[in-house]
Amino acid sequence: MRVLLSAQDLRHSFASRPLFEGLNFTIFEGEKIALIGPNGAGKSTLLKMLAGEVRPDSGNLTRSRGLKIGYMPQIPSFREGATVREVVLEAVDTSSGDWEAIGAAEEAMSRLGLKSKANSLEDKPVATLSGGLQRKVSLARELARGPDLLLLDEPTNHLDLESILWLEDYVRSAPYAVMTISHDRAFLRGVGRRVIEVDRRNPGGILSVNGGYDEFLATKETYLATLASRTASLENTLKREIEWLRRGAKARTTKQKARIDRAYALGDEVGGLREKARESKVKLEFQTLEGGPKRLIKAEKISKAYGDKVLFRDLDLLLTRNARLGLIGNNGTGKSTLIKVLTGEEAPDRGEVTRADRLEVAYFEQNRSRLDPEVSVLRSVCPLGETVEFQGRKIHVRSYLDRFNFDARQSDLAVGKLSGGEQSRLLLALLMLEPANLLVLDEPTNDLDIQTLGILEECLDEFPGAVILVSHDRAFMNEVCDEMIGFPEMIRYADMDQWSAALRARRGSAGAAAKESSRDSASTEASSAGPKKKLSYKEQREFEAMESTILGKESELARLTAESTAEENLSNAVKLAKVMGEMAELQSEIDRLYARWSELEDRK
C-alpha cells in the first residue's frame, strides 16, 4: 500500500483567525476516508490545500510522483458556455484516442442521469441547469479523470437519493483513494473506512480513527471521558495549590518558587483542557401554539397533474399533532407540489383537503430565498429595533443570535458572507420566531455540521406539533420520521432502510456494476504494467514475519488502550499522558507496517 500524500505540521489561518495548526496525517493508496469536524474548523480549506489550490501558511505536503487528484468543491465552476459533455470531457485527452478514458467519461454521465435515451442533457449548456444537476456534472468530470485520489466536498448536497445511493456504492468499490467531507451520517457509514476529525480541541488538532463512523464515535466518547477525568483531577490539584498560595506563601526558597511556578503552569494547563472540553452548542427550540386542534390536515382522494404528468392520484392522508411525515424522491417528482396542496397554496385537481381553523405553518425553504445577501445577520432577524419576541417575552436580538452561535462580529456581517451552514442556522433562527403547529422543512440539513444535526433531531422530537420533512439525509429522516411516502410510486415506508432495499430490488444494485468495472480496471492495469522487481532474500524474510509483527503491535495497542481507561490511571495525569503518547506512536508504527506489508505483497 503506497503512500499517496503526506502532511506534516500544516498550519493555516483565515482573516487572522487560526483554522488549524500542527496537522499531521498520511493518505494511503485505496483508502476511503471521511473528513469531519464542526463548521469553521477548516475542512474545505484543507481539501483545497490537498488539491493544490491553496498553500498552507506553514508545514509541508508531500505527494507521490505522478499523483492524479480529482477535486469536487462545494460550489463547482465551469467554462462559460460549455455543454455538459464538453465539461466532462475536459478531464480526458480526447486527441490521444484513449477510448477507455472516453468510455469512463460517458459512463459517468450515464450513471449520474446526465445522458439517457429519455432525457439527455449532454448537449445542454451547464449554466442552464439546476444547482443539483451542476453538482452531478462536476462529479462526472472528476470521476472521468480516473484519479489516484478523489477529494469530495459535501458531494451529497442537492443530489437526489438515488444518486446518493449510486455514489455510495461507487465510492465504496472505487479502485482509488477517496477523501470525503460530509455531514450525511448514513453516507459516512456507507463509505468511510477511516475517519479523520479536524477540531482544534483534539490533540494536535486532529483525531484519526482506523474504522467506520461508529468506531470513530466510540473512540471519541472514550477520549472525551478521559479528558473530563483528567481535567477534574487537575482541577482538584489546582484548588489545593491556590489554597496554599492564599495562605501567603512567598518565593523565599528555590523549592517554594518552583511550587509557585508549577501552580501557575497548572492553571494554564487546566484552562487549556477546559477550552478543549468546551462545546458551543446551538440552542434550538420551536415556538408552539398553546392548545390547538388534534387533527391538523385531512386529505381525501386528492390528485394532481401538470399536463400529462401525474404527480399523485387518489391520495389519502391524515396529519395529526405529533405526526412526523417524510417525503422521499427525486427532484421534480411532486414532493413540493404535495406540500403546497396540503397547506393551501395550490388546489388539488380532484379530492378534498380539510384544514384545522387554527392551523399555523412555519416553512423552511431549501433555496434560502427568504435571506437577502446584502442585509446583515442582525437586521435579517430584527429589521427594526433591538428586540425580538420569543416564547411570549422580549429578548435582545444579540442575545437571541447567541443561541445560534452568532457572535457580535458575525451579527454585523452581510448574510452573503456567511457559509452555507451559517445560513442554514440563520434560517432556523428566523423559523423559531414563528409560533406554529405544523413545521414544513425542505432540506434543512444541507451544510449543517453533525453536532447541530443531532440537536435539531432532539428539538423536532420534542416539538408537540406536526412535521413534514423533505431531506436526502437518510440518518436524519430515520431519526425524525415515523412514516414516509416515496415518490413517484407513492408507496409508504416505515424507514429509509426499507426504501433503499425496495429501490435496489426494483433496479438492481448499482454497486454490482461499479465493482465489475473496478475489477476490469484493475485487470487492465495489471496486464499493462511492466514486470515488477522480485523480493530480495532479506525482503522475503521481512514479508514472512510481517503478519506476526503487526499482530504483536496490535496486541500491544489493545493492552495500552485498556490501560488508558483503567480507573487507577484516569486520575493519574502523568501516567495517562505517557500511555496516550505511547498509543499514538504505536498506531503510527502499525500504519507504517501495513503500508510496508502491502508494498512487499504487491511486488511478491
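Read on for a plain summary of the structure. The structure presented is a predicted model; accordingly, all values stated were derived computationally and were not measured. Throughout, residues of each chain are indexed from 1 in the direction in which the sequence is written. Only residues with pLDDT of at least 70 are given local features in this predicted model, and only at 80 or more are side-chain atom pairs given and counted; all residues enter the totals for whole chains, interfaces and linings. For side-chain calculations, the full set of non-hydrogen atoms in the structure is used, while hydrogens and water are omitted.

A closer look at the overall build of the protein chain
Part 1 of the reasoning: For the purposes of this entry, the term helix denotes a DSSP run of H or I that reaches at least four residues, the term strand denotes a run of E that reaches at least two, and both are numbered from the N terminus. Helix and strand counts for the protein chain stand at 20 helices and 20 strands.
Part 2 of the reasoning: Think of it in three bands: residues with accessible area under 20% of the maximum for their type are buried, residues over 50% are exposed, and the middle band is partly exposed, with areas taken using a 1.4 Å probe on protein chains only. The proportion of buried residues among the 604 residues of the protein chain is 46%.
Part 3 of the reasoning: Only heavy atoms enter the contact rule, under which two residues are in contact if any of them lie within 4.5 Å. Of the contacts made within the protein chain by residues no fewer than 6 positions apart, 70% connect residues no fewer than 24 positions apart.

A short note on the sheet that holds strand 9 (residues 206-210)
Part 1 of the reasoning: The pairing criterion is simple: DSSP has to find at least two bridges between the two strands. Read from one edge of the open sheet, 6 strands run 5-6-7-3-8-9, paired in mixed fashion. Two strands close off the open sheet at either side, each with one partner strand: strand 5 (69-72) and strand 9. Here the average twist between neighbouring strands, direction ignored, is 15°.
Part 2 of the reasoning: Bridge count for strand 3 (residues 32-36) against strand 8 (residues 194-198) is 4 bridges, and the pairing is parallel. If you follow Ala34 over to strand 8, its bridge partner there is Val195.
Part 3 of the reasoning: As a rule, the C-alpha atoms of each element are fitted with a line to give its axis, helices using only the stretch in contact, and angles between N-to-C directions run from 0 to 180 degrees. Sheet contacts for helix 1 (residues 43-51): strand 3, strand 5, strand 6 (149-153), strand 7 (177-181) and strand 8; angle to strand 6, the most-contacted strand, approximately 155°.

Notes on the environment of Asn157
Part 1 of the reasoning: Within the element layout of this structure, Asn157 appears in the loop between strand 6 and helix 5 (161-173).
Part 2 of the reasoning: Between the alpha carbons of Asn157 and Arg135 there is a distance of 8.4 Å; along the sequence they are 22 residues apart.

Thoughts on the nonpolar core
Part 1 of the reasoning: Here the nonpolar core consists of buried residues drawn from Ala, Val, Leu, Ile, Met, Phe, Trp, Tyr and Cys, with membership extended through side-chain atoms lying within 4.5 Å. Judged by nonpolar contacts, the single largest core of 52 residues is most densely connected at Leu284, Phe286, Val381, Tyr400, Leu439 and Leu460.
Part 2 of the reasoning: Residue contributions to this core peak at 6 residues, all from helix 13 (residues 420-431).
Part 3 of the reasoning: Apart from residues no more than four positions distant in its own chain, Leu460 is found in contact with Phe286, Arg324, Leu439, Leu441, Val467, Phe476 and Val480.

Here we look at the packing of aromatic side chains
Part 1 of the reasoning: The pairing test for Phe, Tyr and Trp rings, Trp by its six-membered ring, is centres within 6.5 Å, and the orientation test on the planes gives stacked under 30 degrees, edge-to-face over 60, and tilted for anything in between. Under the criterion given, the structure shown has 5 aromatic pairs.
Part 2 of the reasoning: The interplanar angle of 35° and the centroid separation of 5.1 Å between the aromatic rings of Trp166 and Tyr170 together place this pair among those described as tilted. Here the residue Trp166 and the residue Tyr170 both occupy positions in helix 5, the gap between them amounting to 4 residues, near one helical turn. With respect to burial, Trp166 and Tyr170 carry one shared label: buried.
Part 3 of the reasoning: Members of the aromatic cluster, each reached through a chain of ring pairs, are Phe390, Tyr400 and Phe404.
Part 4 of the reasoning: Two limits define a charge over a ring: the Lys NZ or Arg CZ must be within 6 Å of the ring centre, and within 35 degrees of the ring normal. Directly above the ring of Phe406 sits Arg425, whose terminal nitrogen or CZ lies 5.1 Å from the centroid.

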